Amino acid sequence: MRRVLPGTLIVLLLAGACTKQESPTSPTPPTSAAVSPTTVAFTSDPSSSVGRGESPTYTVENATFQVGTDSRFISVAVLPRGATDVLWRFVLHPPTGQVLAPGTFSINNNAGHAFEFSSRGDRCGGAGTMTIEDLHNTGGLVDVLRVNFSLSCGGTVPVNGRIVLNWVPGTGYR
Amino acid sequence: MAIVLVVFAALIGSACGKSPTAPSPNGSNPATPPAVSATTTRLSFTSDPASAVGQGQSRTYTLQNATFQPLIGHAGGYVSVVVRSTDPSDSSQWSAVMMMPLGRVLSPGTYSAGEVSFEAPMFNFSGGGRACGSGTTASFTIHEVAVSGETLQRLRTSFTVYCGGSAKVSGHIVILADPWR
């Protein structure tokens, strides 16, 4: 994690420099709930094309996180410690004409992606919902993100998950 | 301090600019194949029978028989293209996703994907209800890419994906969206 953070910080600063500095989020400061630790967790059914029955929970203790953003788009990559065959990627993108902000988005490929989940050469772009509980983006840096998602990945049971990002200045995602 | 600012400014220019970036030693090759010459938007691919994606099928989609939905992110570092058949006899949907390591934009060059690393490019191709799975490797070449704001104006790319073995699916994607044609 420590090796990744300086580079990530630079990337995030660059992303911020590229944006128009427009924030889709409320200007209110993070709430107390924002201290939730950085976590990516999901449950998947064996029939799911992404996940394939895995139901992991990742924190900074067992994975490294890489987060990128621009004015409308957030990507979160999770590399489990010691993993040689899997890197989970999540992409949040609002439907056309909208911005990412607290609220519930329908994930509908016909209206533009709102959430994408990929790993091991596959991408899950099915239908579902994404609920952003909190999002604070300061100068191209995602300080706080709390989002729940439920996404059909080709199987009979949707993948359900939660992403929590909590940026601690001077430390990184914790 | 001045050196730091110069380096930072150079990095900003690299990340924000639309000009090609120098091929990286990690996952790219400076040898660029001939450009895809199609003059209309299309996805075409051929696949080996043993390929998890395609399974021996060959398809060509254009604006006459499909819809194309490109999506840009990370100031040009991420491109996805979803193609849906509009032919009543073909309900399939195909998607290709290209993503560069953070801080880099897609630019002409040939890239290798499949390494499990934050620093490696990513390429996914799936469709017809099938995906590759573990061990997927890919090579993709960006012949041309033009982005304006959050809009993909032009993209010409070719790709070969190995779904964990020697069977492959190879194809081309051309997006001409300024205007669509």
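Residues numbered from 1 in each chain as written. Chains lettered and ligands numbered in written order. Predicted model: local features only at pLDDT ≥ 70, side-chain atom pairs only at ≥ 80, totals over all residues. Heavy atoms only, no water.

**Student:** What is the right way to read the overall build of chain A from this model?
**Tutor:** Looking only at helices and strands, chain A features one helix and 12 strands. Ordered by position from the N terminus, the helices and strands of chain A form the series α-β-β-β-β-β-β-β-β-β-β-β-β. The 174 residues of chain A split such that 57% are buried. Sequence-distant contacts, at least 24 apart, represent 51% of the contacts inside chain A between residues at least 6 apart. Accessible area of chain A: about 6,900 Å², with a carbon and sulfur share of 56%. (Helix = DSSP H or I, 4+ residues; strand = E, 2+ residues; numbered from the N terminus. Buried < 20%, exposed > 50% of the residue type's maximum accessible area, 1.4 Å probe, protein only. Contact = heavy atoms within 4.5 Å. Areas by Shrake-Rupley, 256 points an atom, 1.4 Å probe, with all protein chains shown as cover.)

**Student:** Just checking my understanding: could you explain the sheet that holds strand β6 (residues 93-99) of chain B for this structure?
**Tutor:** Strands in a sheet are paired, the pairing made by backbone hydrogen bonds, and the direction either parallel or antiparallel. Residue and element names in this part refer to chain B. Ordered by their spatial adjacency, four strands build an open sheet running β4-β5-β6-β8, and the pairing between neighbours is antiparallel. Each edge of the open sheet is held by one strand with a lone partner, namely β4 (66-73) and β8 (122-127). Neighbour-to-neighbour, the strand axes of the sheet open up by a mean angle of 10°, direction not taken into account. Sheet analysis places β4 next to strand β5 (residues 78-85), joined by eight bridges and oriented antiparallel. Within the sheet, the bridge partner assigned to Thr67 lies in β5 and is Arg84. (Pairing = 2+ DSSP bridges. Axes fitted to C-alpha atoms, helices over the stretch in contact; angles between N-to-C directions.)

**Student:** Looking at this structure, I do not really get the packing of aromatic side chains. What am I missing?
**Tutor:** Ring pairs (aromatic) are described by centroid distance and by the angle formed between their planes. Counted according to the given criterion, the structure contains 18 aromatic pairs over all chains. On the numbers, 5.1 Å between centres and 65° between planes, the contact of A:Phe42 with A:Phe117 is edge-to-face. Remark: A:Phe117 occurs in strand β7 (residues 115-119) and A:Phe42 occurs in strand β1 (residues 39-43); sequence separation between them is 75 residues. With a relative accessible area of 2%, A:Phe42 lands in the buried category. With a relative accessible area of 0%, A:Phe117 lands in the buried category. Ring-pair connections join several aromatic residues into one group, and the members of that group are B:Phe45, B:Trp94, B:Tyr111, B:Phe123, B:Phe125, B:Phe140 and B:Phe159. (Phe/Tyr/Trp six-rings, centres within 6.5 Å; stacked < 30°, edge-to-face > 60°.)

**Student:** Help me understand the sheet that holds strand β3 (residues 63-69) of chain A in this model?
**Tutor:** Residues and elements named next belong to chain A. Taken together, five strands build an open sheet; the order of strands is β3-β4-β5-β7-β8 and the sheet is antiparallel. With partners counted over all chains shown, the strands left at the sheet margins are β3 and β8 (122-124), one partner each. Adjacent strand axes in the sheet meet at a mean angle of 15°, parallel and antiparallel pairs treated alike. Judged from the five bridges that link them, strand β4 (residues 74-80) and strand β5 (residues 88-92) form a sheet pairing that is antiparallel. Within β5, the position partnered with Val78 by the bridge is Trp88.

**Student:** What should I look at first to understand the pattern of salt bridges in this one?
**Tutor:** Here the idea is simple: oppositely charged side chains can pair when their charged atoms come close. Residue and element names in this part refer to chain B. Under the counting rule described, the total for this entry stands at 10 salt bridges over all chains. For Arg154, the salt bridge goes to Asp178, with nearest N and O atoms at 2.7 Å. Of this pair, Arg154 sits in strand β10 (residues 151-163) while Asp178 sits in the segment after β11 (168-176); the two residues are 24 residues apart in sequence, bridging distant segments of the chain. On the basis of relative accessibility, which here comes to 25%, the residue Arg154 falls in the partly exposed class. The exposure class assigned to Asp178 is partly exposed, which follows from its relative accessible area of 30%. Salt bridges sharing common partners tie together Glu144, Arg154, Arg156, Asp178 and Arg181. (Salt bridge = Lys/Arg side-chain N within 4 Å of Asp/Glu carboxyl O.)

**Student:** Just to check I follow, could you spell out the nonpolar core for this structure?
**Tutor:** Most often, soluble globular proteins have nonpolar side chains that are buried together. Among the nonpolar cores identified, the biggest contains 37 residues, and A:Phe90, A:Phe115, A:Phe117 and A:Met130 are the most heavily contacted of them. At six residues, strand β10 (residues 141-151) of chain A tops the list of elements feeding residues into this core. The contact partners of A:Phe90, leaving out residues within four places of it in the chain, are A:Val40, A:Phe42, A:Ile74, A:Ser75, A:Val76, A:Val78, A:Phe115, A:Glu116, A:Phe117, A:Phe149 and A:Ile163. Residues B:Met100, B:Leu106, B:Cys163 and B:Val169 belong to the second largest nonpolar core, which totals 35 residues. (Core = buried A, V, L, I, M, F, W, Y, C linked by side-chain atoms within 4.5 Å.)

**Student:** Even after reading the chapter, I still don't get the layout of surface pockets, so can you show me in this structure?
**Tutor:** The probe, sized like a water molecule, is rolled over the atoms to show the empty space still left. Taken as a whole, the largest pocket holds about 470 Å³ of empty space. Contributing to the lining of the largest pocket are 25 residues, with A:Ser49, A:Arg123, A:Gly154, B:Gly129 and B:Arg130 lying nearest its centre. Every element with two or more residues in the lining of the largest pocket is listed here: β8 of chain A together with β6 and β8 of chain B. Looking at the lining of the largest pocket residue by residue, the class counts come to six nonpolar, 15 polar and four charged. (1 Å grid on protein atoms, 1.4 Å probe; cavity = no way out; pocket = protein on both sides within 12 Å on 5 of 7 lines; lining within 4 Å. Points joined across faces, edges and corners; volume = space filled by probe spheres on them. Nonpolar A, V, L, I, M, F, W, Y, C, P; charged D, E, K, R; others polar.)

**Student:** Looking at this structure, how should I read the confidence of the model for chain A?
**Tutor:** Low-pLDDT stretches of the model should not have their predicted coordinates read in fine detail. Overall, the prediction assigns chain A a mean pLDDT of 80, with 78% of residues at 70 or greater. This model gives residues 1-34 of chain A a pLDDT under 50, and the stretch forms 62 contacts once residues within four places in sequence are excluded. (pLDDT = per-residue confidence, 0-100.)

**Student:** Please clarify how the state of the cysteines should be interpreted in this entry.
**Tutor:** Put plainly, two cysteines are in a disulfide when a covalent bond ties their sulfur atoms together. Residue and element names in this part refer to chain A. In the structure shown here, the tally under the stated rule is one disulfide over all chains. Paired by a disulfide, Cys124 and Cys153 hold their sulfur atoms 2.0 Å apart. Measuring handedness by torsion sign, the sulfur bridge of Cys124 and Cys153 sits at about -100° and is left-handed. Placement of Cys124 in strand β8 and of Cys153 in the loop between β10 and β11 (159-168) is noted, with a sequence separation of 29 residues between them. With respect to burial, Cys124 and Cys153 carry one shared label: buried. (Disulfide = S-S within 2.5 Å.)

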